[in-house]
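Summary of structural features
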Amino acid sequence: MRKTTVITIANQKGGTGKTTTAYNLAYALTNEGEKVLLIDFDPQGNLTMCFGIEQPDKLPYSMFNIMNAMMTDEPLPSPEEYIHTQGNIDLIPSNIELSVAEINLRDEMGGEKTLASLLEPMKSSYDYIIIDTNPSLGLLTINALAASDSVLIPVNPQLWSATGLTQLLKIIVKVKKRINPHIRIEGILMTMCDTRTNLYKEAFRLVKVYYRETFRIFDIQIPLSVKVGEANFYSQSIIEFLPQSKVAIAYQNLAKELMVNGS
Ligand SMILES: Nc1ncnc2c1ncn2[C@@H]1O[C@H](COP(=O)(O)OP(=O)(O)OP(=O)(O)O)[C@@H](O)[C@H]1O
Ligand SMILES: [Mg+2]
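Residues numbered from 1 in each chain as written. Chains lettered and ligands numbered in written order. Predicted model: local features only at pLDDT ≥ 70, side-chain atom pairs only at ≥ 80, totals over all residues. Heavy atoms only, no water.

Going by an unreviewed UniProt entry, the protein carries the name Sporulation initiation inhibitor protein Soj and comes from Xylanibacillus composti. Listed under Subunit (unreviewed entry) in UniProt, the entry text for the protein is "Dimerizes in the presence of ATP but not ADP; ATP-binding is required for double-stranded (ds)DNA-binding. Interacts with DnaA." As its UniProt record puts it under Sequence similarities (unreviewed entry), the protein is described as follows: "Belongs to the ParA family." (UniProt positions renumbered as here; feature names shortened; annotations may be inferred.)

Here it is, written out as structure tokens:
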């Protein structure tokens, strides 16, 4: 039977490169021959927009409808209605309505496992499922963690905050104790790195001081490049847009490293 790895990309700080990492990692994994499902689990719908869906709010079916159907035990829409495909990547999109699903989750018995139950039967069709989360530690992020084998934490040196990361790690420990005992931390990925700046050097030094003993800090780092925004603008992965760029090569190497490590 196929072994599927579910990876959540999380950091409750905004703008750390979660969506960019989810999208480009998915693209890189498909380049290596893997079949990938992306889950946009952020009401901002940024990953959905990366997919070229310009107005996520106008989608007839999105993660909101699916989560609600799961919660009310109603039949799900058929996959052709909510799964979008770009090359070898499938996506379940999201829009602002997902924030309503988050409110409904509060009253739901066992609600934190809703996404896990949704994904379980889908696993047989994919090698990797990658979940992009919103910048918060609310019920959506907890649902994502409850459904995951591992969590990858992008850290932007420009926005480094030790307290922020501590809160995220506390939530992961809680989820591991109470809901999903086999979740593990894939590692910390430094994104938007301009290695010449003192800010980068200091943030990277501190990440190592705090976390080197406990987690993997990926040797691969994602360089800062204006080309990332350009690729997003054209709804393309940076790997497709500029395959020889340093960012493209870094994401491709990240995919290879995850595969070698059995993730
Ligand atoms: N390596 C990079 N170099 C330059 N810009 C980047 C890079 N990675 C991401 N960006 C840009 O930084 C911004 C934030 O990135 P992204 O949307 O991936 O972060 P996020 O963590 O998903 O944000 P949010 O918390 O709002 O969901 C985007 O405009 C994106 O294009
Ligand atoms: Mg995002």
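1. Some details on the overall build of the protein
In terms of regular secondary structure, the protein is built from 12 helices and seven strands. Taking 263 residues into account, the globule formula puts the C-alpha radius of gyration at 18 Å, and the protein, at 17 Å, falls close to it. When the backbone C-alpha atoms are referred to their principal axes, the protein occupies close to 55 × 40 × 35 Å. Considering only contacts in the protein between residues 6 or more positions apart, those separated by 24 or more positions represent 80%. Carbon and sulfur atoms make up 53% of the accessible area of the protein, which totals about 12000 Å². For the protein, the distance from the average position of its 24 positive side-chain charges to the average position of its 28 negative side-chain charges is 11 Å. (Helix = DSSP H or I, 4+ residues; strand = E, 2+ residues; numbered from the N terminus. Rg over C-alpha atoms; globule rule 2.2 N^0.38 Å. Contact = heavy atoms within 4.5 Å. Areas by Shrake-Rupley, 256 points an atom, 1.4 Å probe, with all protein chains shown as cover. Lys, Arg positive; Asp, Glu negative; His and termini not counted. Charge placed at Lys NZ, Arg CZ, Asp CG, Glu CD.)

2. Describing the pairing of strand E4 (residues 89–92)
The two faces of E4 match: Ile89 and Leu91 on one face and Asp90 and Ile92 on the other face are all buried. When strand E2 (residues 36–41) meets E4, the two strands line up parallel, connected through four bridges. Counterpart to leucine 38 in the pairing with E4 is leucine 91. Of the pairings in the sheet, the one linking strand E3 (residues 84–86) to E4 comprises three bridges and is antiparallel in character. Note that in E4 the partner of histidine 84 across the bridge is leucine 91. (Buried < 20%, exposed > 50% of the residue type's maximum accessible area, 1.4 Å probe, protein only. Pairing = 2+ DSSP bridges.)

3. Looking at the packing of aromatic side chains
Evaluated as defined, the whole model comprises seven aromatic pairs. For the pair tyrosine 200 and phenylalanine 204, a centre-to-centre distance of 5.7 Å together with 25° between the ring planes defines the contact as stacked. Of the two residues, tyrosine 200 and phenylalanine 204 both sit in helix H9 (residues 198–211), four residues apart, roughly one turn of that helix. When the centroid spacing of 5.2 Å and the interplanar angle of 85° are considered together, the rings of phenylalanine 233 and tyrosine 234 count as edge-to-face. Each member of the pair, phenylalanine 233 together with tyrosine 234, is exposed. (Phe/Tyr/Trp six-rings, centres within 6.5 Å; stacked < 30°, edge-to-face > 60°.)

4. Observations regarding the site of ligand 1
In the vicinity of ligand 1 lie 19 residues, with Lys18, Thr19, Thr20, Pro223 and Ser225 positioned nearest. Take threonine 20: an N or O atom from its side chain is 2.5 Å from an oxygen atom of ligand 1. The contact in question runs from a nitrogen atom of ligand 1 to an N or O atom on the backbone of serine 225, over 2.9 Å. Coverage of ligand 1 by the protein amounts to 79% of the 630 Å² it exposes when considered alone. (Near = heavy atom within 4 Å. Polar contact = N/O pair within 3.5 Å; in protein donor to acceptor, adjacent residues only side chain to side chain.)

5. Here's the deal with the pattern of salt bridges
Applying the stated criterion across every chain yields a total of eight salt bridges. Among the salt bridges present, the one from glutamate 120 reaches lysine 123, with a minimum N-O distance of 3.3 Å. (Salt bridge = Lys/Arg side-chain N within 4 Å of Asp/Glu carboxyl O.)

6. What about the sheet that holds strand E6 (residues 150–155)?
Strands pair in a sheet through their backbones, by hydrogen bonds, and they do so in one of two ways: parallel or antiparallel. With respect to topology, seven strands assemble into an open sheet ordered E3-E4-E2-E5-E1-E6-E7, the strand pairing being mixed. A single partner strand is all that each edge strand has here, and the edge strands are E3 and strand E7 (184–190). Taken pair by pair, the neighbouring strands of this sheet meet at an average axis angle of 25°, ignoring direction. Strand direction decides the pairing type here: strand E1 (residues 5–9) and strand E5 (residues 128–133), joined by five bridges, are parallel. (Axes fitted to C-alpha atoms, helices over the stretch in contact; angles between N-to-C directions.)

7. A few points about the nonpolar core
Judged by nonpolar contacts, the single largest core of 36 residues is most densely connected at Leu25, Leu38, Ile130, Leu152 and Tyr251. Core analysis: the next-biggest nonpolar cluster, separate from the first, contains 28 residues, Ile153, Leu165, Ile183 and Phe215 among them. (Core = buried A, V, L, I, M, F, W, Y, C linked by side-chain atoms within 4.5 Å.)

8. Structural notes on the UniProt feature "domain: AAA" (unreviewed entry) in the protein
The UniProt record annotates "domain: AAA" (unreviewed entry) at residues 5–185. Between the C-alpha atoms that bound residues 5–185 the distance is 13 Å, and the span itself is 39% helix and 18% strand.

9. Let's talk about the packing of helix H3 (residues 63–71) against helix H5 (residues 98–105)
At a closest axis distance of 8 Å, the pairing of H3 and H5 adopts a crossing angle of 20°. Between H3 and H5, the angle falls in the class roughly parallel. Helix-helix and strand crossings are classified by hand; for H3 and H5 the assignment is left-handed. Packed against H3, whose contacting residues are Met63, Phe64, Met67, Asn68 and Met71, the element H5 presents Leu98, Val100, Ala101, Asn104 and Leu105 at the interface. Here the contact of H3 with H5 is composed, by residue class, of eight nonpolar, two polar and no charged. (Parallel < 35°, antiparallel > 145°, perpendicular 65-115°, else oblique. Left-handed = near helix turned anticlockwise from the far one by under 90°. Nonpolar A, V, L, I, M, F, W, Y, C, P; charged D, E, K, R; others polar.)

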